[in-house]
Each structure stands twice: as C-alpha cells, then as structure tokens.
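# Per-entry structural report
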Amino acid sequence: LSQSLPLIAQPFVYSRGAGGADTTVVIMDTGVDYTLSAFGSCTSPGAPSSCKVVYADDIATDDSSLDDHGHGTNVSAIVIGTAPDTKLAVLDVFNSGSASSFDIISAINWSVSNQDIYNIVAMNLSLGDGTERIAHCENYYKTYFQYARDVGILAAVSSGNDGHSNGISSPACNSNVISVGAVYDTNVGG
C-alpha cells in the first residue's frame, strides 16, 4: 500500500476527507479472516466496536472457513487500506475455487436489500471469467448491477487477472460498472 496508494492519489483524496466514514463496502470474494489486526482483531463481525467487518457470510456453500483461499482477506485489506474509515460486509461467493453466477447475483441482491441497514456505497468484485472482451458485454449481470446503481451502490469489478492486453473479462465488461486494474511503478513484465 505504501507504493500503490500514491499511484492512485489516495493520500490526496483522503486528505480531503474522503476516507469512507459512515459507509460500508461489500466484498464479494473468498471470505475474510476478520481476526487479523488489520480488521480490528474481531471476535465476530461487528465485535468489538473497533472491528471493521460488520457482516460476513457464505453465499456459496458454507465451507466452515473464514477464508479458505486468502484472496478475499487480501482484497478486504486493500479496501481498508484505501478507505480506512469504511466498514466491510464480506460475502463468500466462492466454492472450490470458482464462483457461480447464481451466487454472485445473490450477493448483489443481498447488497441492494441491505443498502439502508449498512449504508452500502460500493461493491468490490475481484473476479472474472477469464475471457478477453473488446466491447461491452451486456450480459445477465447488467440488470442486477443496475439495481445496485439505482440505490446508490457502485460496482467496482476487476478487469481480469489474465494479462489480457486487448480486452477485459466479464463481469467487468458491463457498461454499468467501474472496471479496475492493477497499477505498477515499474515494468514487471507480461
């Protein structure tokens, strides 16, 4: 974060009061190990009061693990590092290394249904189908992302982790989401 936050101008934005106070970001990933100090050493979601994770649940089949992969914990830590005053609602949408469209849509619907309860302002989906699309993919996700936008929830979706140079993956290729990618301060190769 010490290298990446300046690359996205986070210190400037944070100095202007945009640190996520009184908001919640939904993380749709592999779960989160909320017991780590980065999240407030939570004993459960919302406890103690310093806990950054206000809600955590398995949308996919319950794997009896806070985060069976670690990716969701990493993504959650990046969100907290970028917007240190926000809270997190973490939805595990993965089952055995993949996420079904049904579970992702269920998580989007959960976000819309609980927007008022948690003041959800954004959803982070660091996932994709591995395809390389060069145009918008107005697929079955579009309607659900629009429901979220209609209640004020921004969807930030990973453009893909496959190293494509001419396109992005689904669902990031939908026209009503913000596609995000990595930033580097050096040439790290392909």
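The text that follows walks through the structure, step by step, so that each part is easy to find.

## Quick notes on the sheet that holds strand 7 (residues 154-158)
Read from one edge of the open sheet, six strands run 2-3-1-6-7-8, paired in parallel fashion. Lying at the two open borders of the sheet, with one neighbouring strand each, are strand 2 (53-58) and strand 8 (178-180). The mean inter-strand angle of the sheet, taken between neighbouring strand axes irrespective of direction, is 20°. As paired strands, strand 1 (residues 24-29) and strand 6 (residues 120-125) are joined by five bridges and run parallel to one another. Bridged to T24 within strand 6 is I120. Docked against the sheet, helix 4 (residues 101-113) engages strand 1, strand 2, strand 3 (87-92) and strand 6, running at close to 170° with respect to strand 1.

## A word on the environment of P171
Mapped onto the secondary structure, P171 falls in the loop between strand 7 and strand 8. Note on P171: relative accessible area 2%, which makes it buried. Residues contacting P171, with those up to four places away along its chain left out, are L127, G128, Y141, F145, V157 and V177.

## Some thoughts on helix 3 (residues 71-82)
The first and last C-alpha atoms of helix 3 sit 17 Å apart over twelve residues, in line with the 16 Å expected at 1.5 Å per residue. Looking at the buried side of helix 3, the elements it contacts are helix 1 (4-7), helix 2 (10-15), strand 1, strand 3 and strand 6.

## Points about the side chain of Q115
Positionally, Q115 belongs in helix 5 (residues 115-118). Under the relative-accessibility criterion, Q115 is labelled buried at 11%. With residues up to four places along the chain from it excluded, the contact list for Q115 reads I120, V151 and I153.

## As for the packing of helix 4 against helix 6 (residues 141-150)
Packing of helix 4 against helix 6 leaves a shortest axis separation of 9 Å and a crossing angle of 15°. By the criterion of interaxial angle, the relationship of helix 4 to helix 6 is roughly parallel. Crossing geometry of helix 4 relative to helix 6 is assigned as left-handed. In this structure, helix 4 contributes S101, I104, I105, I108, N109 and V112 to the contact, and helix 6 contributes Y141, Y144, F145, Y147 and A148.

## Overview of the state of the cysteines
One pass over the full model with this rule turns up two disulfides. Across the disulfide, C42 is cross-linked to C51 (sulfur-sulfur distance 2.0 Å). Across the S-S bond linking C42 and C51, the dihedral sits near 95°, which makes this disulfide right-handed. Judged by relative accessible area, which is 2%, C51 ranks as buried. Across the disulfide from C137 sits C173; the S-S distance is 1.7 Å. The sign of the 90° torsion about the S-S bond sets the C137-C173 disulfide as right-handed. With C137 in the loop between strand 6 and helix 6 and C173 in the loop between strand 7 and strand 8, this residue pair connects regions lying 36 residues apart in the sequence. Residue classification places C137 among the buried residues on the basis of a relative accessible area of 8%.

Calculation notes
Residues numbered from 1 in each chain as written. Predicted model: local features only at pLDDT ≥ 70, side-chain atom pairs only at ≥ 80, totals over all residues. Heavy atoms only, no water. Pairing = 2+ DSSP bridges. Helix = DSSP H or I, 4+ residues; strand = E, 2+ residues; numbered from the N terminus. Axes fitted to C-alpha atoms, helices over the stretch in contact; angles between N-to-C directions. Contact = heavy atoms within 4.5 Å. Buried < 20%, exposed > 50% of the residue type's maximum accessible area, 1.4 Å probe, protein only. Expected span 1.5 Å × (residues − 1). Parallel < 35°, antiparallel > 145°, perpendicular 65-115°, else oblique. Left-handed = near helix turned anticlockwise from the far one by under 90°. Disulfide = S-S within 2.5 Å.

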